[in-house]
Amino acid sequence: MQLIVLGSGAGGPFQGRNYTAHLLKSGSETFLIDCGEGTQHQLYHYRVKYDGVAQIFISHLHGDHVYGLMGLITSFCLKRRTDPLTIYGPAGLRELVETISRISGVWYPYELSVVEVDTTVHAKVFESKHNEVWSIPLHHRTLCTGWLFKEKPRPDNILPEKIEEYQIPFSAIPAIKSGGDYTLPNGTIVPHGELTVPAKAPRSYAFCSDTAPSEEVARCVAGVSLLYHEATFTNEHHEEAAYSGHSTAEQAADIARQAGAEKLLLGHISSRYRDTEQHLLEAKAVFERVGMVTEGGEYEV
Ligand SMILES: [Zn+2]
Ligand SMILES: [Zn+2]
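Nothing here was measured: the structure is a model prediction, and the numbers come from that model.

**Notes on the nonpolar core**
And step 1. Core analysis: the biggest nonpolar cluster contains 66 residues, and Ile136, Ala206, Val221, Leu227, Leu264 and Leu266 have the highest contact counts within it.
And step 2. When neighbours within four sequence positions are excluded, Val221 is seen to be in contact with Ile136, Leu148, Ala206, Leu227, Ala259 and Ala261.

The following block contains the structure:
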């Protein structure tokens, strides 16, 4: 999995920070997560290929997470897109898309679907051959959901030299990869473990913005490979974080600690902060493996 961060800010587009949008590549699939104003410009600026995006996941309908969506999906019309596109998000998303499309007179040459998800449950909302996407209930001032992207476990890899050594026919390979032994024509059984090496462990990415700190989030993302958690404020403004439904960097770090995440990425920084040193300092005191997203930053999950 590879993550590209297209925007790291909250509030206004100040301090060189754009609005939230993440692009996640997992195998042959590319997912767009949130689509704040200017996302198209960022995709173009960083020369990110995104025509293959077939699913867009919107956390909530605040402008800094969704005002770039209509521009993006109508640009697909100009590009004569024909591949279907599905947008997942909270209740209200369909009305937003349908209303603006109607008022602006947009006709889509591709199949456009909107799936409204229940933001109060941790449930599987999308599944393909290699990936799953689950909702994560978040606590914000409006209906809001995070997204957990999980690679599915892959079958073991069969060793080419063993195929040759035992003259294993092609037809027998799928059963061996799924855990079976191989029986030679003379009746000897060659154990699965001698024929294969385990596939890479599946990776996972959790996107949690915007939200007050929540133990439920920590439970939903337990053991995640990479956790992105909003950290709008530093401890100095923890009261503002509480009443606006946001988190401090320290609170985000505590969620990562509770979840046993491998790594934590912070973002959605309030425009009042010129730099993010204090955020990192306060987070590191709780969870060591933490970094701050950067505009156009690429991260191996
Ligand atoms: Zn918000
Ligand atoms: Zn926001």
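Past the structure itself, the notes keep going.
**A word on the sheet that holds strand E17 (residues 290-292)**
And step 1. Across the sheet, seven strands lie side by side as E7-E8-E9-E14-E15-E16-E17; this open sheet has mixed pairing. Taken across any chain shown, the strands that pair with only one partner, and hence form the sheet edges, are strand E7 (124-127) and E17. Within the sheet, the average angular offset between the axes of one strand and its neighbour, ignoring direction, is 20 degrees.
And step 2. When strand E15 (residues 226-230) meets strand E16 (residues 263-267), the two strands line up parallel, connected through five bridges. Across the sheet, Glu230 pairs through a bridge with Gly267, a residue of E16.
And step 3. Of the strands in this sheet, E15, E16 and E17 touch helix H10 (residues 249-259), which is tilted by about 150 degrees from E15.
And step 4. Against the sheet, helix H11 (residues 277-284) contacts E16 and E17, and its axis sits at roughly 165 degrees relative to E17.

**Observations regarding the sheet that holds strand E1 (residues 2-7)**
In sheet architecture, strand pairing relies on hydrogen bonds along the backbone and comes in two forms, parallel and antiparallel.
And step 1. The strand order across the open sheet formed by seven strands is E6-E5-E4-E3-E2-E1-E18, and the pairing between neighbours is mixed. In this open sheet, the two edge strands, each paired with only one partner strand, are strand E6 (112-116) and strand E18 (298-300). Geometrically, the sheet is characterised by an average inter-axis angle of 20 degrees between neighbouring strands, direction not taken into account.
And step 2. When strand E4 (residues 55-57) meets strand E5 (residues 85-89), the two strands line up parallel, connected through three bridges. Directly across from Ile56, in E5, lies its bridge partner Ile87.
And step 3. Across the face of the sheet, helix H4 (residues 93-104) comes into contact with E5 and E6 while running at roughly 150 degrees to E6.

**Here's the deal with the environment of Trp134**
And step 1. Of note, Trp134 is situated in strand E8 (residues 131-137).
And step 2. Residues Trp134 and Glu161, spaced 27 residues apart in sequence, show a C-alpha to C-alpha distance of 39 Å.
And step 3. Those residues in contact with Trp134 that sit more than four places away from it in its chain are His122, Ala123, Lys124, Val125, Leu148 and Lys150.

**Observations regarding the domain arrangement of the chain**
And step 1. Along its sequence, the chain is carved into domain 1 (2-154 + 200-300) and domain 2 (157-197).
And step 2. Taken over C-alpha atoms, the centre of domain 1 sits 43 Å from the centre of domain 2.

Thresholds, definitions, all that
- Going along each chain's sequence as written, the residues are numbered from 1 onward.
- The order in which chains are written sets their letters, starting at A; the order in which ligands are written sets their numbers, starting at 1.
- Selection of residues for local features in this predicted model requires a pLDDT of at least 70, selection of side-chain atom pairs for listing and counting requires 80 or more, and totals for whole chains, interfaces and linings are taken over all residues.
- For the purposes of this analysis, a nonpolar core is taken to be any set of buried Ala, Val, Leu, Ile, Met, Phe, Trp, Tyr and Cys residues that are connected through C-beta atoms within 7 Å.
- The burial criterion counts other C-beta atoms lying within 10 Å of a residue's C-beta, which is placed from the backbone; the residue is buried at 20 or more, exposed at 12 or fewer, and partly exposed between these limits.
- Here, residues touch in the contact sense if the C-beta positions derived from the backbone fall within 7 Å of one another.
- Following DSSP output, two strands are said to pair if at least two bridges run between them.
- The numbering of helices and of strands both runs from the N terminus, where a helix is a DSSP run of H or I of at least 4 residues and a strand a run of E of at least 2.
- As a rule, the C-alpha atoms of each element are fitted with a line to give its axis, helices using only the stretch in contact, and angles between N-to-C directions run from 0 to 180 degrees.
- In this entry, domain limits derive from an automatic or database-based domain assignment.

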